[in-house]
Amino acid sequence: MINPRNPLWRYPSLGVLMVAFFAFLYVPIIVLIVLSFNQNQTATIWTTFSFDWYKNVLENPNILRAAQNSLIVALVATVVSTVFATMAAVGMAGKAFKAQNAFNGLVGLPLLVPEIVTAVASLLFFLAIGLELGLTTVIIAHVVFCIPFAYLPIRARLEGLDPKLLEAASDLYARPWQAFARVTLPLLLPGIVSGAMLAFITSMDDFVITFFVAGAGATTLPVYIFGMIRTGISPEVNAISTLLFAASLVIVMLSFFISQKK
Amino acid sequence: MTALANAIVIDNIGMVFGAGLGAVRALDGVSLEIGSNEFFTLLGPSGCGKTTLLRLIAGFEQPSTGSISLYGQRLEGLMPFERPVNTVFQSYALFPHMSVAQNIAFGLEMQRKPRLEVQKIVADMLELVQLTGFEARKPAQLSGGQQQRVALARALANRPKVLLLDESLSALDAKLRKEMQLELKRLQLETGITFVFVTHDQEEALTMSDRIAVMKNGKLEQIGTPTEIYDFPRSRYVADFIGETNFLTGIAEANGLRLPDSQWLEVTHSRPPGSSVDVAVRPERAQIARDTNGLNAVVREVVYVGTDTVVYLEIAKEVFRVRMQNHGGAAKMVSVGDQIKLVIPPNAVRILEAES
Ligand SMILES: Nc1ncnc2c1ncn2[C@@H]1O[C@H](COP(=O)(O)OP(=O)(O)OP(=O)(O)O)[C@@H](O)[C@H]1O
Ligand SMILES: [Mg+2]
C-alpha cells in the first residue's frame, strides 16, 4: 500500500486535472437537473421553480408510450438475457479451460465491436429473414446485446465458487439439479442480480441499435428524446432526462448494495 | 453372511492426472481390502495420494485403472450421490449460505427424511460434536475447529455405510482432538460404520486405527495393525514415518552385523554375508549401562521430556537415541561426554528391506 503521506507520491498538477474532469462530468448533469425545475420556456434561462415540465411529461401520451416501450423492452431483455447468461456461465463451468476461454472471448466480443456495426448488422439480418421491424425486433436485439453484460458478473461470481461445495452437495445425495437449486444458485445470486441490473440499465439506455431496428410504433425513450431534440431543446427533455437519471441512480445503488452483501 | 466381511475392496487402482509430460501418477497399483466396521487409516506424507484414494471411493474421480467395490457392488459409473458413502472434506466444504443446522440437515433432506426426524438427528449431531447452541450460526462465524466439527456432523448425520475422513481432526486443539478421537471410536463401535481415515499424524493413526496402510508416492508401503506397523516396520521409510527410530547400517556376517566402526551388533538374519543391511531400533528398546557387554558409545546430549529422558548417543558416527523412563532413576546416571555401553537386545533389532 502507498502511504498517503509519502511525499514521493505527490503530483500537484494532477489535482487541477481532477477538478476539470469532475466539472465536465457533473456540471452538465447538475445544470440539466436544475433547469428541469425552471418555469421558463427557453430552456437555458432560470426564472422560478416549478414542476410544470414534469407535469407536461407525465401528461404527454407519446412520452408515456415511449417510456412504456422502454420498460417492456428492458424488462423482457433483462429477464431473458440473465437466464441465458446464467445457463451459459453454469454450462461452461465444467468445460475444458481452452473451451472456456474461447467461449468467454466470443461472448465478450460484442462489448468491443462498435455498436453501429452491430446495429447495421442486426437491421440487415432482420430484413434478410423478413421480420417486420417493431417491438419484437427491438426486444430480440436487446436480449442479444444484454447477454454479455449479464454474463460477466455471473461468471466472475462463479469463478469464486469453491468446486468442493458441489462435490459436498453431491456427496450428500443431491442430484445435479438439486445441487444447482440449493447450492449453486443461492451462491450465484449476487452475481445474477448485478448482471440483471447491468442488463437493465444497458437496455434502458440504448440508442444506436434501437434506432436502427425499431419500427414506427416501437419508439423507446432514448429514441424519443433524440426526436425531441431535433426540434429544439425543450425543458421537457430536461425533465425526462432527470427522471431517467434518477431511475438509473437507484438501480446502480441497489446493484452496488446487493453485490456488497457477501 | 461372511461373504460381506469386506466393506471395501480396492483392486489394483491406478490414477493418473493429466497427460503427456505433465502427467502426475497419484496412485500406482493400490490394492486393499477394508473390513466391515473397521477403522482403517491411510497414513503418509503430503502428496502421497491419500486424498486421491478417498476421492475415488467417494466417486469424485474415476480411476485410470482398476476397480473399487463396496459390499460386493462394483462402484464404476455410480455417481457420488448414488454411493452410500459420506465424506468429511479436508477443506470442510461447508455451504457458506446455510446455517450450521441447515448444513447438517442437508443430506437428510436430500434423502427426504421426515422433518421431525431431521430435527432430532441435527440436535443429536450438534450435541455429539459439542456445538449445541450454534445451530443458527453461519460457517464464516465459526472457528476452524468448529467448522471441522460441523463437517463431521454433516457427514455422520446420514449414518453412511462408509465414512471417509480426510484429516478431519487436524484443526482441533489437543484436548478436543483427544475427545473427538474417543467419540469417533465409540461411534464406530456403536454404529457399525466403516471408517476410512486419512492422516499424516502417526500418533493419531496408532491410537485410533484397527489397521493402518502406510503410503509412499502413490503406492502402499505396508499394511498392518498399529502394533505390526510400529514393532515390525518393513522398510526404513515406514520405520522413519512411524514413531521415533534409530537406524544403523552394517555388513552382514553370521548371527550379526559389523558396524562401520567395527563394533559387533548381534542379530539373527537371513541376508547373505557381505551384504549391506539396514536395521531399526526403537529408542525405548535400547538401554544404557556401564559395566556390561555392549556397544561403546559417547553421550552427546541428555534431554528431559517429562515422563522420560532421551539420551543422544554417538555410535559409528551416527546419532542414536535412547529413551528411558524417569521413575526408575536410571537417567540420572549419565551426563554429557560419558563413555557408556549401549545395550541392544537382539529381539529389538528390526532388519529392514533393502531400499529399491
Ligand atoms: N486434480 C489434480 N490434478 C493434477 N494432479 C493432482 C490432482 N489432484 C492431486 N494431484 C496430485 O496427486 C498427488 C497426490 O495428491 P493427494 O491430494 O492425493 O495427496 P495427499 O496425500 O492427500 O496430500 P496432503 O496430505 O497434502 O493432503 C500429488 O502429487 C498431487 O499434486
Ligand atoms: Mg490430502
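Every value quoted in this text rests on a predicted model; they were computed, and no experiment measured them. Along each chain, residues carry numbers from 1 onward, in the same order as the chain's sequence is written. As they are written, the chains are lettered A onward and the ligands numbered 1 onward, keeping that order. Where totals are concerned, whole chains, interfaces and linings use all residues; where local detail is concerned, this predicted model gives features only for residues with pLDDT of at least 70, and gives and counts side-chain atom pairs only at 80 or more. No hydrogens and no water enter the side-chain calculation; it runs on all heavy atoms of the structure.

### Structural notes on the overall build of chain B
Segments assigned H or I by DSSP are reported as helices when at least four residues long, segments assigned E as strands when at least two residues long, and all are numbered from the N terminus. Counting its regular elements, chain B contains eight helices and 20 strands. In terms of principal-axis extent, the alpha carbons of chain B reach across some 75 × 45 × 45 Å. In chain B, buried positions account for 51% of the 356 residues. In what follows, residue pairs with any heavy atoms lying within 4.5 Å of each other are defined as contacts. Considering only contacts within chain B whose residues lie at least 6 apart along the sequence, 65% involve residues at least 24 apart. On chain B, the mean spot of the 37 positive side-chain charges and the mean spot of the 40 negative ones are 3 Å from each other. Exposure is judged per residue with a 1.4 Å probe applied to protein chains only, and the accessible area is read against the type maximum: over 50% gives exposed, under 20% gives buried, and values in between give partly exposed. We score Asp and Glu as negative and Lys and Arg as positive, and we do not count His or the chain ends. One atom stands in for each charge, and that atom is NZ of Lys, CZ of Arg, CG of Asp or CD of Glu.

### Describing the interface of chain A and chain B
Chain A puts 18 residues into the contact, and the matching count from chain B is 27 residues. Between chain A and chain B, the buried area comes to about 2100 Å², and carbon and sulfur atoms account for 62% of it. Among the residues chain A hides against chain B, the three largest losses belong to Leu-172, Tyr-173 and Arg-182 of chain A. Together they make up 37% of the total. Counted as salt bridges are all cases of a side-chain nitrogen of Lys or Arg within 4 Å of a carboxyl oxygen of Asp or Glu. Between the two partners, chain A and chain B, sit two salt bridges. Buried area, as used here, totals the accessible surface that two parts lose on assembly, with accessibility defined by a 1.4 Å probe and the loss added over both.

### Some details on the side chain of Glu-167 of chain B
Residues and elements named next belong to chain B. Mapped onto the fold, Glu-167 is located in the loop between strand E7 (162–166) and helix H5 (174–191). Lacking a salt bridge, the buried Glu-167 has Lys-50 as its closest oppositely charged neighbour, with an N-O distance of 4.2 Å. For Glu-167, the residues in contact, after removing those within four places along its chain, are Lys-50, Gln-90, Gln-148, Val-198, Thr-199 and His-200.

### As for the nonpolar core
Nonpolar side chains tend to gather and get buried jointly when the protein is soluble and globular. Residue types Ala, Val, Leu, Ile, Met, Phe, Trp, Tyr and Cys, when buried and joined through side-chain atoms within 4.5 Å, form a set referred to as a nonpolar core. One finds Ile-8, Ile-10, Leu-32, Leu-42, Phe-95 and Phe-106 of chain B to be the most contacted residues of the largest nonpolar core, which totals 73 residues. Residue contributions to this core peak at eleven residues, all from helix H6 (residues 135–159) of chain A. Discounting chain neighbours no more than four positions away, the residues touching Leu-42 of chain B are Leu-32, Lys-50, Leu-53, Leu-54, Val-196, Phe-197, Val-198, Thr-199, Ala-213 and Met-215 of chain B. Counting residues in each nonpolar core, the second largest holds 38 residues, with Val-118, Leu-131, Leu-152 and Met-208 of chain B among its members.

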